[in-house]
Amino acid sequence: MQHRLRDVTILLARLVVGVTFVLHAYQKFVLNGISGVGAGFEQMGIPMPVVAAGFTATVELLGGLALVLGVLMPVAGVLLAAVMLGALVTAHASAGFFATDGGFEYVLVLAATSLALGFSGPKYTVQALFTGGAQAERAEVDA
């Protein structure tokens, strides 16, 4: 029972965090446009701002989808955490901790959560459907 609850809560966290990243990518690609995001990046002094904006939006989109679907999760977790740490250093660190002041609280939580979810295991994932990974992991845990 405890394993099932853990797996369901990890699934819920993956869905919430993954959808959050997908919506951030939507904001960058559609609502603000990559050139608009690039202009903001340029004001922050980020090198090659339009390329950085496109890279960031792409990682958020594909990484978010990977978390939602449960595929390539370690890669997604590391890339999403790296993008969020980049946001922390370039845009939020100077404002202090609290998100209400523009600080790094939110991006730090997203970075840590992405990394943890990336290495959370294969239960309730598309990958487990094709690899049988969930049964193998369960056998190890129950043994």
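Look a little higher up for the structure.
Thresholds applied
Residues numbered from 1 in each chain as written. Predicted model: local features only at pLDDT ≥ 70, side-chain atom pairs only at ≥ 80, totals over all residues. Heavy atoms only, no water. Buried < 20%, exposed > 50% of the residue type's maximum accessible area, 1.4 Å probe, protein only. Helix = DSSP H or I, 4+ residues; strand = E, 2+ residues; numbered from the N terminus. Arc of directions from axis to C-beta. Contact = heavy atoms within 4.5 Å. Expected span 1.5 Å × (residues − 1).

**Student:** Before we go on, may I ask you to explain helix H4 (residues 73-92) in this structure?
**Tutor:** Every α-helix carries 3.6 residues per turn, so stepping three or four residues along brings you back to the same face. For H4, the set of buried residues is Met73, Ala76, Gly77, Leu80, Ala81, Val83, Met84, Ala87 and Leu88. Along the axis of H4, the buried residues cluster in a sector spanning 160°; they form a single face. Each element contacted by the buried residues of H4 is listed here: helix H1 (2-31), helix H3 (49-69) and helix H5 (105-118).

**Student:** Explain unusual backbone geometry to me, please; I cannot follow it from the model alone.
**Tutor:** Of note, leucine 72 is a non-glycine position whose phi angle comes to about 50°, a positive value. Relative to the elements of secondary structure, leucine 72 occurs in the loop between H3 and H4. In this model, tyrosine 124 sits at a positive phi of 55°, which is unusual for a non-glycine residue. Mapped onto the secondary structure, tyrosine 124 falls in the loop between H5 and helix H6 (126-131).

**Student:** In this structure, what is going on with H1? I would like to understand it.
**Tutor:** With 30 residues, H1 ought to run about 44 Å at 1.5 Å a step, and its terminal C-alpha atoms sit 42 Å apart, in line with that. Buried within H1 are the following residues: Asp7, Ile10, Arg14, Val17, Gly18, Thr20, Phe21, Ala25 and Lys28. Remark: glycine 33 follows H1 within two positions and exhibits a positive phi of approximately 75°.

**Student:** What am I meant to see in the side chain of lysine 28 here?
**Tutor:** Take lysine 28: it is sitting in helix H1. Apart from the residues lying within four places of it in its own chain, the contact partners of lysine 28 are Gly33, Ile34, Val37, Thr56, Ala57 and Glu60.

**Student:** What is the right way to read the environment of leucine 11 from this model?
**Tutor:** Along the chain, the position of leucine 11 falls in helix H1. Exposure remark for leucine 11: the relative accessible area of 24% places this residue in the partly exposed category. Remark: the alpha-carbon pair of leucine 11 and valine 107, spanning 96 residues in sequence, is separated by 21 Å.

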